Amino acid sequence: MKTNIKDITLANSGKQKIEWVAKHMPLLGKIENDFAKTRPLDGVKVAISVHLEAKTARLAYVIRSAGAEVAVTGCNVLSTQDDVAAALAADGFIVNGWYNATDEEYHQHLVNTLEFKPNVIIDDGGDLLKILTDERPDLGTELWGGCEETTTGIARIRALENTGALKFSMIAVNDADCKHLFDNRYGTGQSVWDGINRTTNLIVAGKTVVVAGYGWCGKGIAMRALGFGAKVVVTEIDPIKAIEAHMDGFDVMLMAAAAVVGDIFVTATGCEKIITTEHFKVMKTGAVMCNAGHFDVEICKPDLEQLSVDIKQERNNITGYKMADGRELYLLADGRLVNLAAGDGHPAEIMDMSFAIQALSVAFVAENYEKLQPKMYNVPREIDEYVARLKLDAMGLKIDELTDEQKRYLSGEIL
Ligand code: NAI
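K.L.:
Explain the domain arrangement of the protein chain here, please?
P.N.:
Put simply, an interface is often sized by how much accessible area is lost when its parts join up. When its domains are assigned, the protein chain resolves into domain 1 (8-179 + 346-395) and domain 2 (185-341). Centre-to-centre separation of domain 1 and domain 2, based on C-alpha positions: 29 Å. Between domain 1 and domain 2, the contact holds 18 residues from the first and 16 residues from the second. The junction of domain 1 with domain 2 conceals about 1,300 Å² of combined surface from both sides, 61% of it contributed by carbon and sulfur atoms. At the boundary of domain 1 and domain 2, one finds zero salt bridges. Taken together, domain 1 and domain 2 are joined by four residue pairs in polar contact (both at pLDDT 80 or more).

Encoded structure:
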């Protein structure tokens, strides 16, 4: 099996990053110790395609501690950190990927990763599954199933399931409560602003922030924008989410109206073509745009390029687009997820929960694959609750327990 990375001499810097996050991921530490004793993945081949940075590296170590052979690649060309890839390669993992790979190189990295014929895949956005389904079914002959990390990947699996094209059992890790309630909301809420602020070095207070999509990610982004002192506008297509946004105190508008008033735009819909020509034409000069959704299709870059008379790299991760009327619009991180492409992703403590669910779900697939059908499964409730209890312990929080009498009351026995 081939390892393909940029520069192995960066390994020390990557190792430091991994050691730092390990100190803040106690759930994974506990699961790693347990796995080392019980070896639930002895001899199992696991392929991981998740943003290749330090927290993902920790997950790779935990999976390996369970006895697995692990191949790692990224899931977005701008979120791969070369030093982390080097640290993993130096420690014997099969690693494929580098920062800013071309689309062809990225695709080849995924194929290389699948070439060791994994038994279990960990996908983030569905790219591994797509290759196994549409292009190289020969690489899936030993696959028992997989786990999907994000909302967009879940939508892709559901689409395959609906057309009868899903060939493997996939666990919807994103939909576990201990994942999306915290990762998508609090993780994205914090790390998107970290990405925007460190990239632009501009003030948020007093500005109008437009958040497209009021799902789990959008809620977090809007909540934290408010904390920075912004006026927040939400755009939606779902009437219920729109009412929620309104009652949470935000202005709800059409994107056509929001485009005129916004200073900072953040898309988090998982949909495409959210900001397009009609919006670019009416935006204020200096407007900053970025995306938090999985794919770089929310802010329509081809439209922006077509309208521009000049395109300039303003500073790292900021591209300036000059319009014919002299206005300048700025796009962060090429329209890719700003928190990962222009930052370090979610806080370690948040990914500790998400990846605890991942690690336990991989063990679940390995233990139960003979009983699973080619369809999408929820993470078993016991795993979700176990991770929640581990997290409470890690935070030193205690909660009450139902008495037997309360249990009888709640079950209706003594009503
Ligand atoms: P969600 O399904 O909870 O929310 C998406 C929201 O966007 C929904 O309320 C939907 O009604 C709305 N929406 C859809 N099309 C729209 C349109 N054309 N205009 C306005 N609103 C529209 O999904 P979630 O979990 O918030 O994820 C959103 C995206 O972010 C997905 O692509 C997901 O994979 C990605 N994601 C990114 C993370 C990151 O680190 N940046 C972390 C977790 C998820």
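K.L.:
Help me out: how do you make sense of the site of the ligand in this one?
P.N.:
Surrounding the ligand, one finds 28 residues, the nearest of these being T150, T151, T152, E236 and N339. Within the contact set of the ligand, an oxygen atom lies 2.7 Å away from a side-chain nitrogen or oxygen of T151. One of the backbone nitrogen or oxygen atoms of H294 is found 3.0 Å away from an oxygen atom of the ligand. In the complex, the protein chains occlude 86% of the 860 Å² of accessible area that the ligand would expose alone. For the shell around the ligand, the elements supplying multiple residues, two or more each, are α7 (151-162), α8 (177-200), α9 (216-227) and α14 (338-341). The leading source of residues in the shell around the ligand is α8, at three residues. Grouping the constituent residues of the shell around the ligand by class yields ten nonpolar, 14 polar and four charged.

K.L.:
Hey, could you run me through the packing of helix α3 (residues 54-65) against helix α15 (residues 348-368) in this one?
P.N.:
Helix-helix packing is described using two parameters, namely the angle between the two axes and the distance between the axes. For the pair α3 and α15, the least separation of the axes is 10 Å and the interaxial angle reads 30 degrees. Crossing handedness for the pair α3 and α15: right-handed. Residues K55, T56, L59, V62 and I63 of α3 pack against A348, M351, F355, Q358, A359 and V362 of α15. When grouped by side-chain class, the residues that make up the contact of α3 with α15 number eight nonpolar, two polar and one charged.

K.L.:
Looking at this model, I keep getting lost on the packing of helix α6 (residues 127-135) against α7. Mind explaining?
P.N.:
In the contact formed by α6 and α7, the axes pass within 10 Å of each other and the chain directions differ by 25 degrees. In this view, α6 runs roughly parallel relative to α7, as classed from their interaxial angle. Considering the relative orientation of α6 and α7, their crossing is left-handed. Contacts between α6 and α7 involve D127, L129, K130 and T133 from the first element and R156, I157 and L160 from the second. Here the residues of the contact of α6 with α7 are counted per class, giving three nonpolar, one polar and three charged.

What counts, and at which threshold
Residues numbered from 1 in each chain as written. Predicted model: local features only at pLDDT ≥ 70, side-chain atom pairs only at ≥ 80, totals over all residues. Heavy atoms only, no water. Domains from an automatic or database assignment. Contact = heavy atoms within 4.5 Å. Buried area = accessible area lost by both parts, 1.4 Å probe. Salt bridge = Lys/Arg side-chain N within 4 Å of Asp/Glu carboxyl O. Polar contact = N/O pair within 3.5 Å; in protein donor to acceptor, adjacent residues only side chain to side chain. Near = heavy atom within 4 Å. Areas by Shrake-Rupley, 256 points an atom, 1.4 Å probe, with all protein chains shown as cover. Helix = DSSP H or I, 4+ residues; strand = E, 2+ residues; numbered from the N terminus. Nonpolar A, V, L, I, M, F, W, Y, C, P; charged D, E, K, R; others polar. Axes fitted to C-alpha atoms, helices over the stretch in contact; angles between N-to-C directions. Left-handed = near helix turned anticlockwise from the far one by under 90°. Parallel < 35°, antiparallel > 145°, perpendicular 65-115°, else oblique.

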